[in-house]
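Structure at a glance
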Amino acid sequence: MIDGFLALYLFMLAAFTGHEIIARVPVILHTPLMSGSNFVHGIVLIGAMVALGEATTPTEQVIGFIGVFLGAGNAAGGYVVTERMLEMFKSSKKTENKP
Amino acid sequence: MNSAQVISYLIQASYFIAAVLLIMGIKRMSSPVTARSGIQWAGVGVLVAVIATFFHHGGAHGIFIENAALIFVAIAISTVIAWYSGKRVAMTAMPQMVALYNGMGGGSAAAIGASALLGFAAIANAPRFVPGMPAVNPSQIVLAVIGALIGSISFTGSLIAFAKLQGWMDKTFRFSGQQLVNGLCFLAAVVLGAMVVLHPQTQTIVLFFAAALLFGILMTLPIGGADMPVVISLYNAFTGLAVGFEGYVQGNIALIIAGIVVGAAGTLLTRLMAKAMNRSISNVLFSNFGSGGGAAQEISGSLKPIEADDAASLLYMAEKIIIVPGYGMAVAQAQHKIWELSKNLIDRGKSVKFAIHPVAGRMPGHMNVLLAEAGVPYDLIADMDDVNPEFPNCDVAIVIGANDVVNPVAKTDKSSPIYGMPILDVAKAKQVIVIKRGKGTGFAGIENALFYQDNCRMLYADGQAAASGLIAGLKAVDGGGGH
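Values in this document were obtained by computation on a predicted structure and should not be read as measured data.

**What about the overall build of chain B?**
Of the regular secondary structure elements, chain B holds 17 helices and 6 strands. Across its three principal axes, chain B shows a C-alpha extent of roughly 95 × 50 × 35 Å. Relative to its 483 residues, chain B shows a buried fraction of 55%. Partitioning the contacts of chain B with sequence separation of at least 6, the portion at a separation of at least 24 is 76%. Accessible surface, chain B as shown: approximately 19,700 Å² in total, 63% of it carbon and sulfur. Computing the positive centroid from 29 side-chain charges and the negative centroid from 25, chain B places the two 5 Å apart.

Below you can see the structure in the form of structure tokens.
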């Protein structure tokens, strides 16, 4: 278990990191970045896997199954849409030379 | 050190690597050059963590996690559906897909909270102390409840946002005393949450989740479509926080770091967006925007239609042209035709620029994505602050599918719901051509004073048809006496 103050420090440092990363982003990347950060919290999937892995009663298994299902959707969907968006940004750079 | 300890150690190491990859991934996504590798790094991070988790507490009945088959089936079904839908969805529908996937993440965090709380209830209500029973840290219950509350709100709220943007639902849903009902629902969720903390019991937990899920729905129902980008971004931050809190409950550092980083980044992004619309977040959530200002000033003048050929002549004579695209252009899938028109104009020696309002589209930067898809180079796309001083020198401004973001009422009419919102100063251009399908109002439901100005002409047509007409018109002028 993570100790109380250690957790607080972790929260604080992670919050600053998140703030710093976004603060310097050009507007054109806001949408892909929102989509990308949406994918990043798809890591929730591993938490749901642990919850289902430790489930013993049928109720817990149903809840765990829903959790894993939703978490996997977050991760997979978030990845695909972000990749598709960023792919276009790459291809648009090629056309930059021939206006 | 026995083999179980070695495996546990390796899993922790994988989580650490995953956390590093996720943070570096977001960092790389914040620059156009490295953005694409950023999502791939983050993807590898999640993949590593998922594979490692299959070995969590393995050993008792084999090397895999308990219920491994169930877990695998859930992941397989969900991944196939999400992957397929994500690949197929049109770029214009991206915001609602982000809302949908985000809601799923929130729901997942809420499910983690639910199973943790049910576990705590089982411990608290055990008839006697069983040796080896885990002790419950009160802060764990508190954070499990807070994470579950935020996750549940994000889950149902995002689903409503998805349904609204997808057009499955009326834009707004209001009744008198709504704010009171919403407030009571939130209060009920908080009180039930406190009761769960003080005395975890299954019935209380069920009621708590019911209240939290219901509040997510009630909170999102009255919010108008124009405000949806801010709301989606807010729920994105919510899900991040919920994931972080549930990560604490499980003692999973990867969840804490990734969740809180997204929570903080999402909160900042939400504020940036709200600022671009000149509104506070609380204003977005609790005021009835988008219902149409009943007391708005009367607009004098008339709508003056123009044919594509005449509009093409105006363009032919112009030197400096600014195109203002809005979401309507993307809905009509006209961005490719508009870029073709722009190339035609550039070939004739005109200066062409695209002016983008910060909230054009359904998310900040959404319009840039849509123009990039059509192949418009970056250097032709200008932000609001850079392009606004150029409108007085602009010969022709073409407004296509944009409405509220060019409405001068935002500067002049204090009673208007969009008063104070920064707008593109299209009204100052020498000549304005508005391409529009019909006479309807914009997303905010407000009449646009720009359309009634003397220097404004309305080209009533579908976006693609209008652009084709203008291209044909230009070529006709070329052929007949253009030289």
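**A closer look at the sheet that holds strand β1 (residues 320-325) of chain B**
To summarise the sheet geometry, strands pair through backbone hydrogen bonds and adopt either a parallel or an antiparallel arrangement. All names here are of chain B. Strand order in the open sheet made by the 6 strands is β3-β2-β1-β4-β5-β6, with parallel pairing throughout. At either end of the open sheet lies a strand with only one pairing partner, and these are β3 (381-383) and β6 (456-460). Taken over all neighbouring pairs, the strand axes of this sheet differ in orientation by 25° on average, direction set aside. For β1 and strand β4 (residues 396-400), the ladder comprises 5 bridges, and the chain directions are parallel. Looking at β4, one finds that I322 is bridged to A397. Helix α14 (residues 366-374) rests against β1, β2 (351-356) and β3 of the sheet, and its axis sits at about 140° to β2.

**Looking at the pattern of salt bridges**
Opposite charge on two side chains allows them to pair when their charged atoms are near. All names here are of chain B. All chains considered together, the criterion is met by 8 salt bridges over all chains. The partner of E390 in a salt bridge is K320, and the shortest N-O contact between them spans 2.9 Å. Here K320 lies in strand β1 and E390 lies in the loop between α15 (384-387) and β4, a separation of 70 residues in the sequence. K337 is the partner of E340 in a salt bridge, and the nearest nitrogen-oxygen pair spans 3.3 Å. In this pair, E340 and K337 are both assigned in helix α13 (residues 335-347), 3 residues apart and thus about one turn of the helix distant. Classification of E340 as partly exposed rests on a relative accessible area of 33%. Look at K337 and you get partly exposed, because its relative accessible area is 25%. In this structure, a network of salt bridges that share partners links the residues K320, K353 and E390.

**A short note on the interface of chain A and chain B**
Between chain A and chain B, the residue contacts involve 76 residues of the former and 98 residues of the latter. Broken down residue by residue, the surface that chain A buries against chain B is led by F11, M34 and R84 of chain A, which jointly contribute 9%. In this assembly, chain A and chain B are joined by 1 salt bridge. When the shortest N-O distance is used, the salt bridge between R36 of chain B and E83 of chain A registers 3.6 Å.

**What to know about unusual backbone geometry**
Residues and elements named next belong to chain B. The backbone phi angle of N67 is positive, close to 60°, even though this residue is not glycine. With respect to the helices, strands and loops of the structure, N67 is situated in the loop between α2 (35-53) and α3 (68-88). Exposure remark for N67: the relative accessible area of 19% places this residue in the buried category.

**Regarding the nonpolar core**
In this structure, I43 and V68 of chain A together with I75, L117 and F208 of chain B are the most contacted members of the largest nonpolar core, which totals 107 residues. The biggest single contributor to this core is helix α9 (residues 253-276) of chain B, with 13 residues. If sequence neighbours within four positions are ignored, L117 of chain B has contacts with I141, A144, V145, V196, I205, F208 and F209 of chain B.

Analysis parameters
Residues numbered from 1 in each chain as written. Chains lettered and ligands numbered in written order. Predicted model: local features only at pLDDT ≥ 70, side-chain atom pairs only at ≥ 80, totals over all residues. Heavy atoms only, no water. Helix = DSSP H or I, 4+ residues; strand = E, 2+ residues; numbered from the N terminus. Buried < 20%, exposed > 50% of the residue type's maximum accessible area, 1.4 Å probe, protein only. Contact = heavy atoms within 4.5 Å. Areas by Shrake-Rupley, 256 points an atom, 1.4 Å probe, with all protein chains shown as cover. Lys, Arg positive; Asp, Glu negative; His and termini not counted. Charge placed at Lys NZ, Arg CZ, Asp CG, Glu CD. Pairing = 2+ DSSP bridges. Axes fitted to C-alpha atoms, helices over the stretch in contact; angles between N-to-C directions. Salt bridge = Lys/Arg side-chain N within 4 Å of Asp/Glu carboxyl O. Buried area = accessible area lost by both parts, 1.4 Å probe. Core = buried A, V, L, I, M, F, W, Y, C linked by side-chain atoms within 4.5 Å.

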